[in-house]
Amino acid sequence: MLVVALTGGIGSGKTTACQLFEKLGTPIIDADEIARMLVQPGQPALNEIAKQFGRSVLTTEGTLNRAKLRQMIFSDAAKKNLLESILHPRIREEMAHRITQLDAPYCIVAIPLLVETQQMGIADRILVIDAPETEQLKRVALRDNQSQTEIAAIISSQATPTARLAVADDIIHNDGDLKRLQQQVEAHHQKYLSLSMTI
Ligand code: ADP
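Basis of the calculations
- Residues numbered from 1 in each chain as written.
- Predicted model: local features only at pLDDT ≥ 70, side-chain atom pairs only at ≥ 80, totals over all residues.
- Heavy atoms only, no water.
- Buried < 20%, exposed > 50% of the residue type's maximum accessible area, 1.4 Å probe, protein only.
- Helix = DSSP H or I, 4+ residues; strand = E, 2+ residues; numbered from the N terminus.
- Pairing = 2+ DSSP bridges.
- Near = heavy atom within 4 Å.
- Areas by Shrake-Rupley, 256 points an atom, 1.4 Å probe, with all protein chains shown as cover.
- Nonpolar A, V, L, I, M, F, W, Y, C, P; charged D, E, K, R; others polar.
- Disulfide = S-S within 2.5 Å.
- Axes fitted to C-alpha atoms, helices over the stretch in contact; angles between N-to-C directions.
- Contact = heavy atoms within 4.5 Å.
- Domains from an automatic or database assignment.
- Buried area = accessible area lost by both parts, 1.4 Å probe.
- Salt bridge = Lys/Arg side-chain N within 4 Å of Asp/Glu carboxyl O.
- Polar contact = N/O pair within 3.5 Å; in protein donor to acceptor, adjacent residues only side chain to side chain.
- Core = buried A, V, L, I, M, F, W, Y, C linked by side-chain atoms within 4.5 Å.

**Structural notes on the pairing of strand β3 (residues 106-110)**
In terms of residue burial, β3 counts as a mostly covered element, since 5 of its 5 residues are buried. Alternating residues of β3 divide into Tyr 106, Ile 108 and Ala 110 and Cys 107 and Val 109, and every residue in both groups is buried. Judged from the 5 bridges that link them, strand β1 (residues 2-8) and β3 form a sheet pairing that is parallel. Of the residues in β3, the one forming a bridge with Val 4 is Ile 108. As defined by bridge partners, strand β2 (residues 28-30) adjoins β3 across 3 bridges and the pair is classed as parallel. Within the sheet, the bridge partner assigned to Ile 29 lies in β3 and is Val 109.

**Things to note about unusual backbone geometry**
Of note, Ser 75 is a non-glycine position whose phi angle comes to about 55°, a positive value. Within the secondary structure layout, Ser 75 lies in the loop between α4 (66-73) and α5 (77-101). Relative accessible area serves as the criterion here: at 70%, Ser 75 is assigned to the exposed category. The phi torsion at Gln 118 lies on the positive side, around 50°, for a residue other than glycine. Summarising the element assignment, Gln 118 is placed in the loop between β3 and β4 (125-130).

**Examining the site of the ligand**
Close to the ligand lie 14 residues, the nearest being Lys 14, Thr 15, Thr 16, Arg 143 and Asn 174. When the ligand sits alone it has 560 Å² of accessible area, and the protein chains cover 78% of it. Only α1 (14-23) and α6 (133-143) provide two or more residues apiece to the shell around the ligand. In terms of residue count, the dominant contributor to the shell around the ligand is α1 (3 residues). For the shell around the ligand, the per-class residue count stands at 2 nonpolar, 8 polar and 4 charged.

**Notes on the state of the cysteines**
All chains considered together, the criterion is met by 0 disulfides. Free cysteine Cys 18: the closest other cysteine sulfur is in Cys 107, separated by 11 Å. Cys 18 sits in the buried class, given a relative accessible area of 8%.

**Quick notes on the sheet that holds β1**
Strand order in this open sheet of 5 strands is β2-β3-β1-β4-β5, and the pairing throughout is parallel. The sheet is open, and its two borders are formed by β2 and β5 (170-173), each paired with just one other strand. Within this sheet the neighbouring strands show an average axis-to-axis angle of 25°, counted without direction. Contacting β1, β2, β3, β4 and β5, α1 runs over the sheet at an angle of about 150° to β1. Relative to β5, helix α9 (residues 178-196) is tilted by about 165°, and along the sheet it contacts β1, β3, β4 and β5.

**Quick word on the domain arrangement of the chain**
Taken domain by domain, the chain comprises domain 1 (1-27 + 105-199) and domain 2 (32-101). Each of domain 1 and domain 2 was reduced to a C-alpha centroid, and the two centroids are 24 Å apart. The interface is formed by 9 residues belonging to domain 1 together with 5 residues belonging to domain 2. Summing the contributions of domain 1 and of domain 2, the shared interface buries around 560 Å²; its carbon and sulfur component is 76%. The interface formed by domain 1 and domain 2 contains 0 salt bridges. Viewed at the interface, domain 2 and domain 1 are joined by 0 residue pairs in polar contact (both at pLDDT 80 or more). Within the side of domain 1 that touches domain 2, the residues separate by chemical class into 7 nonpolar, 2 polar and no charged.

**What to know about the nonpolar core**
Within the largest apolar cluster, 30 residues are counted, with the highest numbers of intra-cluster contacts made by Ile 49, Phe 53, Met 95 and Val 109. Counting only elements with at least two residues in this core, the list comes to β1, α2 (31-38), α3 (44-53), α4, α5, β3 and β4. Element by element, the count of residues in this core is highest for α5, at 6 residues. Both domains that meet at this core, namely domain 1 (1-27 + 105-199) and domain 2 (32-101), each give it at least three residues.

If you want it as structure tokens, here you go:
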């Protein structure tokens, strides 16, 4: 099966593009959803996080206190690496497992931080959703209750468009309306169906 990794910056349109691919029948594997699943109570990754970071990262109900954990890894590279060493191999393993369960010509693995976490090797092709920063700012401000300054800070903490585009096999330019996005998704869908017959 052809595996396409889909990535892009915050507000570039990843979720919207995935929904459009899904409507065309493409299975989507979502790295963020897996990451959230892995830290549910009872999951080995959550136990490991509590062991390494202390029980103060758990709420009284035993769920992950995300704000506390974020605060602990903020500007502490060693702690951030430790957290990633717990989560990333498990996310990769679960993604690989889910891929083996699928029966489809191709699938999309949505990995927002593909470039930041250097996971380019996971897929046969990399599809980058690219949007101008002005659009990212506008769309995220409409979607989330965050200020322009907060959104700009997230954008600057992520990979640059140049770094993302450098690893792209395919690019969707999400700088127009939703209809234009849909047309590009459909064109890529046809391309992936054709490519899937050659591997
Ligand atoms: P991401 O998953 O990359 O953060 P989303 O797909 O959630 O981005 O898109 C961010 C917001 O912008 C959403 O509210 C979405 O509905 C909207 N959006 C995405 N693409 C377009 C577009 N081409 N035109 C108008 N709104 C868009």
